[in-house]
Structures are given as structure tokens and as C-alpha cells.
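Chain and residue survey
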Number of protein chains: 2
Amino acid sequence: MHTAPPCHILPVVPHSPEQLLLELFAIFVSAKLVGEMFERLRLPSVLGEILAGIALGPYALGWIQPSDTIYSVAELGAVFVLFSAGLETSPRDLIRVGNKAVQVAVAGIVLPFILGFAYMKLRGDASSEAIFVGAAMVATSVGITARVLGDLHVLSTRTAKIILGAAVFDDILGMLLLAVVAGVAAHGRPQWLHLGILTAEAAGFALFMIFVAPRIVRRMEPRVEQLSTHNASLIVALALCLFLSWLAAQIGMAAIIGAFFAGLVFADYAPQWNLLPRVDGITEFLAPFFFFAIGTRLNVRMFTGNVLVAAIIVSLLAIVSKVIGCGLPLLGEGWATVFRVGVGMTPRGEVALIVALVGLQSRIVLQSTYAIVVFMTAVTTLIAPPLLRYLFRGEKQEHDQPSATAQVRL
Amino acid sequence: MHTAPPCHILPVVPHSPEQLLLELFAIFVSAKLVGEMFERLRLPSVLGEILAGIALGPYALGWIQPSDTIYSVAELGAVFVLFSAGLETSPRDLIRVGNKAVQVAVAGIVLPFILGFAYMKLRGDASSEAIFVGAAMVATSVGITARVLGDLHVLSTRTAKIILGAAVFDDILGMLLLAVVAGVAAHGRPQWLHLGILTAEAAGFALFMIFVAPRIVRRMEPRVEQLSTHNASLIVALALCLFLSWLAAQIGMAAIIGAFFAGLVFADYAPQWNLLPRVDGITEFLAPFFFFAIGTRLNVRMFTGNVLVAAIIVSLLAIVSKVIGCGLPLLGEGWATVFRVGVGMTPRGEVALIVALVGLQSRIVLQSTYAIVVFMTAVTTLIAPPLLRYLFRGEKQEHDQPSATAQVRL
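Numbering of residues starts from 1 in every chain and runs along the sequence as written. Both sets of labels track the order of writing: A upward for chains, 1 upward for ligands. In keeping with the predicted nature of the model, local features appear solely for residues at pLDDT of at least 70, side-chain atom pairs appear and are counted solely at 80 or more, and the whole-chain, interface and lining totals rest on all residues. Values reported for side chains reflect all heavy atoms of the structure, with hydrogen atoms and water molecules removed beforehand.

1. Describing the overall build of chain A
This is how the line gets drawn: Strands are runs of DSSP state E lasting at least two residues, helices are runs of H or I lasting at least four, and both sets are numbered from the N terminus onward. Any residue under 20% of the maximum accessible area for its type is buried, any over 50% is exposed, and the rest in between are partly exposed; the area is computed with a 1.4 Å probe on protein chains only.
Across its full length, chain A carries 17 helices and 0 strands. Counting the 410 residues in chain A, one finds 59% classified as buried.

2. Focus on the relation of the copies chain A and chain B
Cut-off, in case you're wondering: We place the copies in one frame by least squares, fitting the C-alpha atoms of every residue whose pLDDT is at least 70 in both. In this analysis, two residues are considered to be in contact whenever any of their non-hydrogen atoms come within 4.5 Å of each other.
Note on the identical chains: chain A maps onto chain B by a rotation of 180° and an axial translation of 0.0 Å, with an RMSD of 0.0 Å. In short, the pair behaves as if placed about a two-fold rotation axis. Most of the interface of chain A is mirrored in chain B, where 100% of its interface residues are also at the interface.

3. Considerations on the confidence of the model for chain A
Residues and elements named next belong to chain A. Convention followed: Per residue, pLDDT captures the predictor's confidence, and it can take any value from 0 to 100.
Taken as a whole, chain A shows an average pLDDT of 80; of its residues, 86% reach a score of 70 or greater. With pLDDT under 50 throughout, residues 1–14 is counted as low confidence; its partners more than four residues away or in other chains account for 32 contacts. In the predicted structure, residues 397–410 sits below a pLDDT of 50 and forms 23 contacts with residues beyond four places in sequence or in another chain. Here the complex is predicted with pTM 0.80, and the ipTM for its interfaces comes to 0.78.

4. Structural notes on the packing of aromatic side chains
How we decide: A pair of aromatic rings is counted whenever rings of Phe, Tyr or Trp (Trp by its six-membered ring) have centres within 6.5 Å, and the orientation is called stacked for planes under 30 degrees apart, edge-to-face for over 60 and tilted otherwise.
Per the counting criterion, the structure on display carries 30 aromatic pairs over all chains. Taking 5.9 Å as the distance between ring centres and 45° as the angle between the ring planes, the aromatic pair formed by B:F243 and B:W246 counts as tilted. Note that B:F243 and B:W246 are positioned in helix 10 (residues 232–250) at a spacing of 3 residues, about one turn of the helix. Residue class for B:W246 comes out buried when judged on its relative accessible area of 17%. Site record: aromatic cluster; members linked through ring pairs are A:F28, A:F285, A:F289, B:F80 and B:F83.

5. Some points on the packing of helix 10 of chain B against helix 12 (residues 275–296) of chain B
All names here are of chain B. Under the convention used in this document: Here an angle of 0 to 180 degrees is reported between the N-to-C directions of two axes, which are lines fitted to C-alpha atoms, with helices fitted over the stretch in contact. Convention used here: angles under 35 degrees read as roughly parallel, angles over 145 as roughly antiparallel, angles from 65 to 115 as roughly perpendicular, and any remaining angle as oblique. Left-handed is the label given to a crossing in which the near helix is rotated counterclockwise from the far helix by less than a right angle, and right-handed is the label when the rotation is clockwise. Side-chain classes are defined by residue name, with Ala, Val, Leu, Ile, Met, Phe, Trp, Tyr, Cys and Pro counting as nonpolar, Asp, Glu, Lys and Arg as charged, and the others, Gly among them, as polar.
Where helix 10 meets helix 12, the closest approach of the two axes is 10 Å, and the angle between their N-to-C directions is 50°. One way to sum up the angle between helix 10 and helix 12 is to call them oblique. Here helix 10 runs over helix 12; the crossing is right-handed. Two secondary-structure elements touch here, helix 10 through S233, L234, A237 and L238 and helix 12 through L275, R278, V279 and I282. Residue composition of the contact of helix 10 with helix 12, grouped by class: 6 nonpolar, 1 polar and 1 charged.

6. Some words on unusual backbone geometry
The bulk of non-glycine residues show a negative phi, and the bulk of peptide bonds are trans. Residues other than glycine seldom take positive phi values, yet A:N274 does so here, at roughly 55°. As for its position among the elements, A:N274 is in the loop between helix 11 (255–266) and helix 12 (275–296).

7. Here's the deal with the interface of chain A and chain B
Applicable threshold: When two parts are brought into contact, each loses some accessible area as probed by a 1.4 Å sphere; the total of that loss over both is the buried area. Each reported salt bridge corresponds to a side-chain nitrogen of Lys or Arg within 4 Å of a carboxyl oxygen of Asp or Glu.
The interface is formed by 42 residues belonging to chain A together with 42 residues belonging to chain B. Counting each side, the surface lost to burial between chain A and chain B is near 4200 Å², with a carbon and sulfur contribution of 74%. Three residues, A:L21, A:L242 and A:F285, lead the burial of chain A against chain B; their summed loss comes to 15% of the area buried on that side. For the interface between chain A and chain B, the tally reads 0 salt bridges. Of all the secondary structure elements, the ones that give two or more residues to the side of chain A that touches chain B are helix 1 (17–40), helix 3 (68–87), helix 10 (232–250) and helix 12 of chain A. When its residues are assigned to classes, the side of chain A that touches chain B shows 24 nonpolar, 9 polar and 9 charged.

Encoded structure:
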């Protein structure tokens, strides 16, 4: 086995309010500036925010050494990114969605995981490393895919609906896998009995949150509206988000799983309770610290020889496995659909990065493995938008409906 | 002179994400629960949130020992409370508002400060302590007054407009005084030359932010709308909030002054840019940690003998000085107006608490002085709502207009 990786990051405790504010300002603005540059180049801004962290962080220019407080804020940022994602995922739509989306999601999870796991084992890595890479190759970023499809005005097409439906299931299945990964992180290596219990626990948690919890919220709803507190509905939602994040972490899953399901539970009440703009405000403020922090932990000097080769191969596997895995259940619908769905499912997003971070923080995963995952995330996220634009060319007029944006939520 | 007070609070560094999340959850929920109880008793919920901190904090039950991270989050909460307040204060309305409001504001500042300062000096306290108490007696809480007047449906009356206009000026003048206080805090005692420079600096900062900065924002506006970043207007506003908070702290004023003026600058664009719901989301999330933290620093065992007497006398002075000071310029308008405006200006709010906290954190002010200020804030905030309800009885029908809520912003 291997020992814990060396840790070069010395967290600096801020000495005064000024220093904390300056740190917050510098990180927020640099992340958003590079993000804006990326948007102008028609690249996902999330990658720009990560790049800002890489460039200004301790491994490159060394201008910003995030303090412990910043890492705590970043953690909270991850929680709210997933809470926001959950708020846009209605459990009822999820239950109603067709077989196809589930098939696409499952096939799109099994193949990448197996290929990622197998390749890392072939390279001679430990099982724990291989599981982390496999898990990181699983999750599809709904956010990036949805935004690209929306920009192309093809959200109302059947293909787009399959992609978005599958991406949502993918996220949930990815979350369950993350629970397993977190279990691995806690024990240093996969413990198969414990892993079985965790999977059952995670599945039970997910089923409860999808089928039971929304009914509880429906019963609670009149009482929430009777509360005297200003903005009571927002307060209740935030309290549940914090509680479920803690609970998920406590029973051995990652905190963000709890946050995602907390969002899911309130998704049907989000418009009525006007939750979205207000929670989005919090997410907009906190998320850049999370993506920046991801960058600061990436040692770019890692990308030499072996590691660079591995990163490129893992990236290729990540693309191929999603295109084949997700396309397979759709072979009867023609090659155009196969490739569109396959490519649409390719971008790995926040979840892949969080998986990697869980591994790095618990010192189970080497810095080189972390670098491989971040590299793979960047490549898959960069490659999808132009490819999708190419594959969907000419599709726009045929299926477009006036209320296209109303279709985003499946 | 006196030495720094003993510090019994041992900040606990959270060891894991679970602990931080549990801490956040426990504080958020307990603050909001006691706040809800207060709302039901028709008392201001802010006091409930402080009480939760007093009760669960290290000086009473000792269940929650806030970590350093929580205190950082609390600091950020104070920044956003003032940023939100600034967003609801249009500089144009402020410039347009009548002489009367300014007279009421100035008289309502001079008298409380002098009485507070004089009493503390008479008690034998140091000048720095006396200045802190005087400064804390100055600021009127616009939020609480506006909510009570809104509940009574009298916002459109001339009296209400004078109160709200004066309260806004009061806040600004209170901010300037806070800058002075922060200068005292930095040097241990009032340095009159330095104090003069600081006052000029603060006044220049305020005038720049009221008269010049909004024009800059007006010119910037088309460019902000051209930005590719999602939610660009919110991002720009948040960035300026962090920057001005840091700048204000850097040039020797309190960070929240910068946050307040950052809000003021964007106030005219808040509806168009849809800033309010999104910034309010952040404030709703962060503010409870600030008010809870205020409570955790209050040693209730301080309230014995001397200190309790001083707290009661300071509270009485705070009420009498505001009623007389603010009522004086209105003697020509009848006793009803004098008392309504005077009582309406009585509740001290967040600013008084922040003044006290600045003093305590920089170890310039004794714990007993901090306790006196918190006591005075609680008393004046508790006494105003029922008194206002009594003084405005029967007023409702005469002046009420359908669009009463639209009148909140002067």
C-alpha cells in the first residue's frame, strides 16, 4: 500500500477582519474574472474559476494561500451548489420519467466505472485509488449540459429530454457511489461488508428522500406558512439543508448528498415559496470559493511523464465509455441520437471534483490521482459544448417550441 | 487606565466537516426558533436570536462554543446585514429628503452621545469607554421602526416619513461615529488629531459614496449588462461589497460602513437588477450567526449591583435623549408628532451592537461596558413597538393609502 501524500499547503489563519475580507475579495474577483474570460471564449466558466485557483494558488504563483476559514467557506459552497441542483430536480418528474432515461443512466455509470477501475488497476494502483477514479468518471454534470442545450434552443427535443432525465438519475447514482467512496475514505481501503451496508443505507436514504420526504413537506407546508418568522419558508429549507448535510456526513456519506436531497425535497415548492432566486444568491456567493479551492489543491507540476499519459488515457476512456454506455440503450433510434445523447452525457462536473476532493482530503488518494481526475473533468467538460453544437446543427427549427425554457426540468 | 478584560471564550477549531455543519445547524436553528417565539409574542425576532446565543453560549448553558470559523461567518453576517440595509436606502431619495429629517437626525445624535458620554465619565469610566457607550446610543434601527410602522399601516403619514428619513441619516451619522470609534479602538484611547483625520476621511468617504459613486455605477451599468457571466449584476455588487468592506476596515473605519455604502450605491439598481431577493437570501442565511455570536459574548453574570444600575440608567438616558433630541426640532408640530417621532427613533439596532462588539474584540472596552450596551439595545428595541402602537392608535384610517408599502423607501 502507499503512505499519505506529502502536504505542502500551509493553511494561514487570518489575523484580522481585514485579512479575511481581502482574501474573500481576491478569491471571489479573480475566480469570476477568469470565469468571465472563459464565458467569452464560449467555455464553461466553472473551469475558469478552477484555473484561477490553480494559477494563484500555492503550487503556481503562490499569491493566495487559502486560510482554514476559506476552506470552510468552500465546503459550504459545495453544499449550496448541490442544494441548488436539488432544488431544480422535481422528485415527481423523476418518478414519472421513462424507462429510457434510467437505462441510459445505468449503462452510462457501469461502463465508465468499470473502465476507470480496470485501467487504474492495470497501471498498478491500489484498489482505493482505482475506485476513486472510477467513481469520478461516473457523474454527469446536469448544469453544463442543460446550459449548452438551452443555448442551442433544443431543450424540447426528445433527445434533450432523455439526456436531462438520465443526467439527473446519473447524479443520484453518482451520489450513491460517492457515499461508497466516502466509506472507503473513512477506512482506507474498500471493506466489502461495510460497503454493502453503506450502499443499502445510501439507497434507503435516496428512496426515502424521493418518495416519502416530499409528502412530509406537503403536510408541513400549511404550518410553515403560519410561522411568524420573516421568510419562514427559506429558513426551513436552509435548516433542513444544513441538517441533512450533517446527517449524510454523520452516517458515512458525503455531506453534499444530504444537501442535494434537501433540495430535491423542496423542489416542488421552490416556485411557490420563491426559493430559487434566494438560494441562488447564496450559491452565487459561495460557489466560487469552492471551485477556486479545487484549483489551489492541484499541483500542476504533477503533469509529467506517467501522470500526464494516465490523465490523457483516463480522459479518453471517460469520453468513450459515456458515448458507448449511454448510446447502447438507444441503438434502435439511429446513430444521431446515440451520439447526441452520448456526448451530452460526457461532461463530468462538480460531483467528479468533489469525489476527488473527498479522496485527497482524507489522504487516501495520491496527489497524482487527484490531478488525473481534475484533468479528466476539464477535458470532458471542455469537449462537450463544441461537439454538441456540431451534432445538433440544423436541429433547432424542427422541434423548437416557444416555451422551450419551461422544459428544462425534464 | 484599565487592562484588557479576561477572556474566557476558548474558540474551538472544528475537526471535520461534520462538526462544522452540526455547529452551523445548531446555531441557525436555535437562533431562528427563539426568534420565532419572540415574533409570536410580538417582540423583535433579532432579540430572540441574541437570547439564543446568550442562553446556549459559554457564559450560560455552555452547549455551544462557537469556533473561529463561526465567528468569521458571523462577521460576514454583519457585513451582509448592512449591505442589505444599504440596498434599501436610495441615495437620490436621501438627497431629496427635507430639512426636517436632517434636523431630527442631528439632534437625535448629539443629545444621546453627550448624555451617554457624560454619564459614563461621571461614573469614573475611561474616555474610551465613555465614547463607546455614547456612540452606541446614537444609531436608530431603521429595520425595526420600519417594520412596526408597516404593521400599523401608517407608513404614508408625514410623521412616518420624517422618522424613516431621519433614521437613515442617523444610520449614516452613526456609521461615521463608528469610524471614529474604530479609530479609538485601534489606538487604545482617543487621539484627537487622528480622530479629526478619521472624521474627515469618513465624511469624505460618505459624500463620495452618496454623490459620486452612484454616477459611476450609472455609467458602468450598460457594460455590466454586456458581461457574459451568469448573474453578472449580482456578482459585481457582491465584489464591490467585499472590496468596500475591506477598504473601510483598511483605512481605519469598520468594515460594515463599507458594506452599507456598497449597498447604497446599488440601491437605485436593486429593483432593475433584481438584487434584493438574492442578497436577502445571503443575509437571511448569515445574519443569525452574527446575532447569535453577539449573545455568546455576553456574560449575564455581569448584571449585578453597579453594572445593572448603570445599564438601567443608560437605557433610560437612551430613551429620554432620543425623545427630547428628535422631538425638539418638531415642537411646532404638536406634542403628538414630537412623541411619535421621538419614540420611533428610540430602538437602537444592529449598529449599537456592532459598536459594542468592535470595542470588545479590540479589548478596549470592558465586558461590563459591553453588557451595558447590549442591555440598552434590548430595552430600547423592546419598548418601542408597543409604545408606537399606542401613540399611533386611530391614525391608521386617516392617512392610509393603498400603496402604503411602496412608501417605505422614504
